[in-house]
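Examining the three-dimensional arrangement
Residue-level listing of the chains:
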Amino acid sequence: MRMVFRWFGENNDTVTLDQIKQIPGTEGIVWALHDVPAGEVWPLDKITEVHDLAKKYGLHTEVVESVNVHEDIKLGLPTRDQYIKNYIETIENLAKIGVKVICYNFMPVFDWARTDLFKELEDGSTALFFEQDKIHGVDPFDLVKLINQNSDLTMPGWEPERLAHLTSLFEAYKNVTEEDLWDNLKYFLDAIIPAAEKNGILMAVHPDDPPFPIFGLPRILNDQPGFRRLLSLHDSPANGITLCTGSLGAKPSNDIISMIHEFRGRIPFTHIRNVRVMDNGDFIETSHKTSDGTVDITGVVEAYHDTDFTGYCRPDHGRHIWGEQCRPGYGLYDRALGIMYLWGLWDAFSSQKKSSAGAASGEGK
Ligand code: DNO
């Protein structure tokens, strides 16, 4: 397991590279050119700038999250070919500085969504929260009206450039079914995976977050059968998964440990975090500790250990603790604590394995 840490850039993050460097066992940043709109080519000079900066702190830039997919690709419009061409050019540019994994997602219109950024937990810390009633039953066109009226309905993860076209996007998706989305994903993968292979890059799709359709938009990547189908769309090690335990864990029927075993070798990148799911389906992000949430983090790390996981891992989100002012979910303290918890589990499983191997060889003497 190779630990990395998401960093939004010098002007966009409260966490600094030298702080990241001091988190034990953390070798690189997970980064993106956040100011390049989806669909455009990432310029090599800007890519090199981030790479050189991270290198000064001894951190690598092997994992990118995300190169966003233009809506026209997800919609299957004729204009998609140009955007796919641009995507391939970005893959080629990223390979030039040694990028190994590109995370992306295939969620229509919205990326991850929450209804509250600072929901208070019992211990006084705050965390990202999703309340079903705030989203379900909301007509997408009413939502557009609400946003235009400056309603305080905030949805983190929304990209401003998409918000500006929300009405036309909802119109465009009106007749797009889940099967259409699958077809469009296959078309995209058939075009980009050979380019990724040629450039030594593994593509890793992120699950839908939350793991169910919102606002009537189709969402297809949020359970084991969905990921099985994804892998079969284009059979190549370069067609892989960003296995996010927090996203998948918000759907209690998901057996994440079984997924880790089944998809072994096709998970170049994982996000490990916990989430507490309530009886009504609301969920809140908790500390990484297994007993604090619904996801069996101990079992997840054990499954990775058992399957000799050598991919990249990030602690994903954390709570906001000790008064830290930071990007929602992306403070230093709780994510650093999460990393230490994950390493603690990993090291414990390693030493357990060593002592049982030792006992077995002792028996043989
Ligand atoms: C939220 C993240 C997502 C993720 C994208 C991947 O913090 O996990 O925004 O980066 O969905 O494409």
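As the structure is a computational prediction, the values presented were derived from the model and not from experiment.

**Here we look at the site of the ligand**
Taken together, the neighbourhood of the ligand is formed by 15 residues, with Glu-65, Ser-66, Asp-111, His-317 and Tyr-330 sitting nearest. In the environment of the ligand, an oxygen atom lies 2.5 Å from a nitrogen or oxygen atom belonging to the side chain of Tyr-330. For the shell around the ligand, the element with the highest residue contribution is strand S4 (residues 101–105), accounting for three residues. Looking at side-chain class alone, the shell around the ligand contains five nonpolar, five polar and five charged residues.

**A few points about a nonpolar patch on the surface**
Among the surface-exposed residues, Trp-322, Tyr-333 and Leu-337 lie close enough to one another that they form a single nonpolar patch of about 350 Å² accessible area. Counting through the fold element by element, Leu-337 comes out in helix H14 (residues 333–364). For Leu-337, a relative accessible area of 41% puts it in the partly exposed group.

**Overview of the sheet that holds strand S10 (residues 275–277)**
Taken in spatial order, the four strands of this open sheet run S5-S6-S11-S10, and their pairing is antiparallel. Two strands lie at the open edges of the sheet, namely strand S5 (116–120) and S10, each paired on one side alone. Across the sheet, the axes of successive neighbouring strands diverge by a mean angle of 35°, strand direction being ignored. Pairing of strand S6 (residues 126–130) with strand S11 (residues 283–285) involves two bridges; the strand directions are antiparallel. If you follow Phe-129 over to S11, its bridge partner there is Ile-284.

**Side note on the packing of aromatic side chains**
Tallying each qualifying case throughout the model produces 12 aromatic pairs. A connected cluster of aromatic rings, assembled from ring pairs, spans Tyr-87, Tyr-104, Phe-106 and Phe-188. Sitting over the ring of Tyr-187, Arg-80 keeps its end group 3.4 Å from the ring centre.

Conventions used here
Residues numbered from 1 in each chain as written. Predicted model: local features only at pLDDT ≥ 70, side-chain atom pairs only at ≥ 80, totals over all residues. Heavy atoms only, no water. Near = heavy atom within 4 Å. Polar contact = N/O pair within 3.5 Å; in protein donor to acceptor, adjacent residues only side chain to side chain. Helix = DSSP H or I, 4+ residues; strand = E, 2+ residues; numbered from the N terminus. Nonpolar A, V, L, I, M, F, W, Y, C, P; charged D, E, K, R; others polar. Patch = residues over 30% accessible without salt bridge, like charges linked within 9 Å, V, L, I, M, F, W, Y side chains within 5 Å. Areas by Shrake-Rupley, 256 points an atom, 1.4 Å probe, with all protein chains shown as cover. Salt bridge = Lys/Arg side-chain N within 4 Å of Asp/Glu carboxyl O. Buried < 20%, exposed > 50% of the residue type's maximum accessible area, 1.4 Å probe, protein only. Pairing = 2+ DSSP bridges. Axes fitted to C-alpha atoms, helices over the stretch in contact; angles between N-to-C directions. Phe/Tyr/Trp six-rings, centres within 6.5 Å; stacked < 30°, edge-to-face > 60°. Lys NZ or Arg CZ within 6 Å of the ring centre and 35° of its normal.

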